[in-house]
Amino acid sequence: MTRRKWSAAGVAVGVLILASAFPFYWAIVSSFTPEARLFQKPSLLPSGLVLDHYRTLFEQRGFWVPIRNSLIVAGSTTVFCVVVGSFCAYALARLRFRGKAPLLALILTVSMFPQIAIVSPLYLVLRALRLTNTYPGLILPDLTFATPLTVWLLVGFFRQLPVELEEAAMVDGASRLRIFWEVVVPVALPGLAATAILTFLYCWNEFLFALSFTLGPERQTVPVAIALFRGRYQVPWGQILAAAIVATAPVAALVLVFQRKIVQGLTAGAVKG
Amino acid sequence: MPSADAGDALERREARLAWWLVTPALATILLVALFPLLWTLWESVHLHDLRMPWLGRPFIGAVNYAEALRDPRFWAALGHTAFFTAVSVTLELGLGLVLALAMNRATRGRTVIRAAVLVPWAIPTVVSALLWRFIFDDQAGIVNAVLSGVGLIRQPIVWFIHPDLAWVPVIVSDVWKTTPFVALLLLAGLQNIDSSLYEAARIDGASSWQQFRHVTLPLLKPAMLVALVFRTLDSVRVFDLVYVLTGGGPGTSTEPIALYTFNSLLQNLRFGYGSALSVITFVVSFALALGYLRLLGRDLTEARA
């Protein structure tokens, strides 16, 4: 490897890191800058920072409401999908039965559905059941993409586990279900955790359903609340950016802590390993 | 050794257990995804206007579809979607390939690189759209500050009131958010390539370009196709980004098909017509997915079956 080529790669990587980080840096700095100075000549170096926007966000806007809503909706969806998805994925990964290939194809197809294709019936159903603007009315639609996603990711994780453990347990006469609970689940915990994190991220970020099936601020999720932020006279950029940082922080923390597992899950889901 | 009969019984038991395990997830998918999809289809051949409930919900056959075909806003939305998909996916795959090659060579800083790749991908699209809306803001935005700072412009550019320029923030934002993810997929593909192939090529006297052209590219094709599928299908249903960044405007000049469908449904409350648009969106995505699956079916489904 020549010196020159290495540095070209280094420059590309450097540009990537700077380009990824800059919008965050800029948003963080701006979220601490007083509103009046946001519209003056921008300066890259922060000065005279204040907490005003964050204070307004929580004290006047009640931003903890969308945070609570998002935690409830994304959390419930994740728990349901990981439980139901792990049963399904174990069968698909390990058991022999007819109809497996079409089932996998169906799950893959559903995970590729454009969400907009089912907004109209979901809206009509939820309205008829008086579920618009409720938690179940937000969780049920999220299952449409979260269920196939968890199954798909978990099939990948289960396939990577060594078969020997299960075979040994089977020789000992343990039933398939007991093997699943007592042998597979403990070994698969890292994979289950990674799947849960990814599912949670997808639900935390979901926008179209949450926008369509909520009517007012009391059940809005974080993305909807931020997107519908309005000021009385002008765009309240300081508060919007503060809210954006608050919405990003948990996601960024999860990703940074579990990055290795997440990459494994994503690439196992997409590239034959 | 178990007899053939016992083996059969065991196999049947295994299959029965498999279906028990599969059923909850399968039932969920059928109930919340497939059943609504059929309902959309049913709605699309009926007249259903929530603003005019007295009209009822009569069957009108293909009238909604015929209206779509005559609707210039529909064709424009389809065109915007195709334009956005073509431009952003091309940029993302090209840049993603360059980044993946660079990341493959980087020996230090893997953790930082992975963070730089993952964080933009993991944040809500609504948030990234807002960050870029702020960066491209005509008064507070840093793009105008930089452009006027280096003397390229005298007046600030009002990006979001110009029908063509409004595409710039949309595409930049999408490329920023998803190129790192594409690079990640391609990097996984690169790391799967057996390094002895490069050694063999070097011994045969292949230049680095020839190695790239004849070893890297062909072996990276499956990963490239997977990235292409995911990015294309995501772009075709683009909604969040445009809703927040331009609202489809100015006018309807950046309105993609998903946003037009959403507006027909939940703004104009025309459920029959909106459902017809939904079905068309679905058919376009499905046709694309089927086409791609034929291209790389073996790499995707059979890896799991």
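Just so it is clear, the structure is predicted and the values come from calculations on it, not from any experiment. (Residues numbered from 1 in each chain as written. Chains lettered and ligands numbered in written order. Predicted model: local features only at pLDDT ≥ 70, side-chain atom pairs only at ≥ 80, totals over all residues.)

Observations concerning the overall build of chain B
So, step 1. Helix and strand counts for chain B stand at twelve helices and zero strands.
So, step 2. Relative to its length of 305 residues, chain B is extended, with a C-alpha radius of gyration of 25 Å against a globular reference of 19 Å.
So, step 3. Structurally, chain B occupies a C-alpha span of about 75 × 70 × 30 Å along its principal axes.
So, step 4. Looking at chain B residue by residue over its 305 residues, the buried ones come to 43%.
So, step 5. Partitioning the contacts of chain B with sequence separation of at least 6, the portion at a separation of at least 24 is 69%. (Helix = DSSP H or I, 4+ residues; strand = E, 2+ residues; numbered from the N terminus. Rg over C-alpha atoms; globule rule 2.2 N^0.38 Å. Buried ≥ 20, exposed ≤ 12 C-beta atoms within 10 Å, placed from the backbone. Contact = placed C-beta atoms within 7 Å.)

Quick word on unusual backbone geometry
So, step 1. With an omega dihedral of 5°, the bond running from Gly249(B) to Pro250(B) counts as a cis peptide bond.
So, step 2. Its place among the elements puts Pro250(B) in the loop between α10 (240-245) and α11 (257-267).
So, step 3. Here the phi dihedral of Asn133(A) falls at roughly 65°; this positive angle occurs in a residue that is not glycine.
So, step 4. Unusually for a residue other than glycine, Leu269(B) sits at a positive phi of about 55°.
So, step 5. Its place among the elements puts Leu269(B) in the loop between α11 and α12 (271-300).

Details of the interface of chain A and chain B
So, step 1. Counting residues at the interface gives 82 residues for chain A, matched by 84 residues for chain B.
So, step 2. Of the residues forming the side of chain A that touches chain B, the biggest block, 13 residues, is contributed by helix α1 (residues 3-31) of chain A.
So, step 3. Grouping the amino acids of the side of chain A that touches chain B by side-chain chemistry returns 63 nonpolar, 13 polar and six charged. (Nonpolar A, V, L, I, M, F, W, Y, C, P; charged D, E, K, R; others polar.)

Things to note about the domain arrangement of chain A
All names here are of chain A.
So, step 1. The domain architecture assigned to chain A consists of domain 1 (3-50) and domain 2 (63-270).
So, step 2. Using C-alpha coordinates to define each centre, domain 1 is positioned 32 Å away from domain 2.
So, step 3. Between domain 1 and domain 2, the residue contacts involve seven residues of the former and six residues of the latter.
So, step 4. Residue assignment for the side of domain 1 that touches domain 2 shows that the elements contributing at least two residues are α1 and α2 (35-38).
So, step 5. Sort the elements by how many residues they give to the side of domain 1 that touches domain 2 and α1 lands first, with four residues.
So, step 6. Taken together, the residues of the side of domain 1 that touches domain 2 sort by class into three nonpolar, three polar and one charged. (Domains from an automatic or database assignment.)

Focus on α11(B)
Residues and elements named next belong to chain B.
So, step 1. Within α11, nine of the eleven residues are buried, which leaves it mostly tucked inside the rest of the structure.
So, step 2. When we look at burial in α11, the residues that qualify are Ile257, Ala258, Leu259, Tyr260, Thr261, Phe262, Asn263, Ser264 and Leu265.
So, step 3. Positive backbone phi, approximately 55°, marks Leu269, located one or two places after α11.

Overview of the packing of helix α3 (residues 72-105) of chain B against helix α9 (residues 208-236) of chain B
Helices that pack against each other are described as a pair by the angle of their axes relative to one another and the distance between those axes.
All names here are of chain B.
So, step 1. Across the interface, α3 lies against α9 with an axial gap of 9 Å and an inter-helix angle of 150°. In this structure, α3 crosses over α9, and the sense of that crossing is right-handed. Of the residues in α9, those touching α3 at Thr81, Phe84, Thr85, Ser88, Val89, Glu92, Leu93 and Gly96 are Met224, Ala227, Leu228, Arg231, Thr232, Ser235 and Val236.
So, step 2. A per-class count over the contact of α3 with α9 returns seven nonpolar, six polar and two charged. (Axes fitted to C-alpha atoms, helices over the stretch in contact; angles between N-to-C directions. Left-handed = near helix turned anticlockwise from the far one by under 90°.)

Looking at the packing of helix α3 (residues 52-59) of chain A against helix α12 (residues 237-257) of chain A
Residue and element names in this part refer to chain A.
So, step 1. Closest axis-to-axis distance for the α3/α12 pair is 8 Å, and the angle between their directions is 75°. By the angle between their axes, α3 is roughly perpendicular relative to α12. Residues His53, Tyr54, Thr56 and Leu57 of α3 form the contact with α12, whose participating residues are Gly238, Gln239, Ala242 and Ala243.
So, step 2. When grouped by side-chain class, the residues that make up the contact of α3 with α12 number four nonpolar, four polar and no charged. (Parallel < 35°, antiparallel > 145°, perpendicular 65-115°, else oblique.)

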